[in-house]
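# Close look at the chain arrangement
Listed below are the residues making up each chain.
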Amino acid sequence: MEPGDRVLVRPFFHIPVRPWWTESYQSPFYYPSTVTKVNEQRGRAYVELDESLYPTPWQDRIQLFHISDIHRYGCRCQECAKPGRDIYRFRADQEHMRNEEQP
């Protein structure tokens, strides 16, 4: 994994549970992102989440993930097959990736 690689991650965001308290949650959906920095020694990478066509619940577009939680952008596993609200752009990007892979 290198900076600039396109990946899919499940973003973290905060939900208010009391007027004075929020709790961190992880999205159930994978979201397209770009790797910005990799720390091989700690097994972690910073990724920048793509800009969304809709309002997003996360405070920061740059988030830290364990390398095992990051999927490559063209991943076709069952988990990655559940896109979030940007489903049309997600599907178009997936189709574009498949077309690039074909000779």
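Up top is the structure these notes are about.
These remarks concern the structure in this document. Keep in mind the model is a prediction, meaning the values are calculated, not measured.

## Points about the sheet that holds strand β1 (residues 6-9)
Here we have five strands laid out as an open sheet, ordered β6-β5-β4-β1-β7, and antiparallel in their pairing. Each of the sheet's edge strands pairs with one partner strand only, and the pair in question is β6 (62-66) and β7 (71-72). Sheet topology note: the β1/strand β4 (residues 31-39) ladder contains four bridges and is antiparallel. Of the residues in β4, the one forming a bridge with Arg6 is Thr34.

## Notes on the side chain of Ser33
Position of Ser33 among the secondary structure elements: in strand β4. Beyond its immediate sequence surroundings of up to four residues, Ser33 is in contact with Asp5, Arg6, Val7, Val9, Val47, Glu48, Leu49 and Asp50.

## Details of the side chain of His71
Relative to the helices and strands, His71 resides in strand β7. When sequence neighbours within four positions are dropped, the list of residues in contact with His71 reads Val7, Leu8, Tyr30, Cys77 and Cys80.

## Concerning the packing of aromatic side chains
Applying the stated rule across the entire model yields one aromatic pair. If you follow Arg6 out to its NZ or CZ, it ends over the ring of Tyr73, 4.8 Å from the centre.

## Things to note about the nonpolar core
Val7, Val9, Phe13, Tyr31, Val35, Ala45, Val47, Leu49, Trp58, Phe65 and Ile70 form the largest nonpolar core, which has 11 residues in total. Counting residues per element, the ones that place at least two in this core are β1, β4 and β5 (44-49). It is β5 that provides the largest number of residues to this core, a total of three residues. If we ignore the near neighbours within four places in the chain, the residues touching Trp58 are Pro11, Phe12, Phe13, Tyr31, Leu49 and Gln63. Residues Leu8, Tyr73, Cys75 and Cys80 belong to the second largest nonpolar core, which totals five residues.

Criteria and cut-off values
Residues numbered from 1 in each chain as written. Predicted model: local features only at pLDDT ≥ 70, side-chain atom pairs only at ≥ 80, totals over all residues. Heavy atoms only, no water. Pairing = 2+ DSSP bridges. Helix = DSSP H or I, 4+ residues; strand = E, 2+ residues; numbered from the N terminus. Contact = heavy atoms within 4.5 Å. Phe/Tyr/Trp six-rings, centres within 6.5 Å; stacked < 30°, edge-to-face > 60°. Lys NZ or Arg CZ within 6 Å of the ring centre and 35° of its normal. Core = buried A, V, L, I, M, F, W, Y, C linked by side-chain atoms within 4.5 Å. Buried < 20%, exposed > 50% of the residue type's maximum accessible area, 1.4 Å probe, protein only.

Fair warning: the whole summary comes from geometry, so function is off the table for now.
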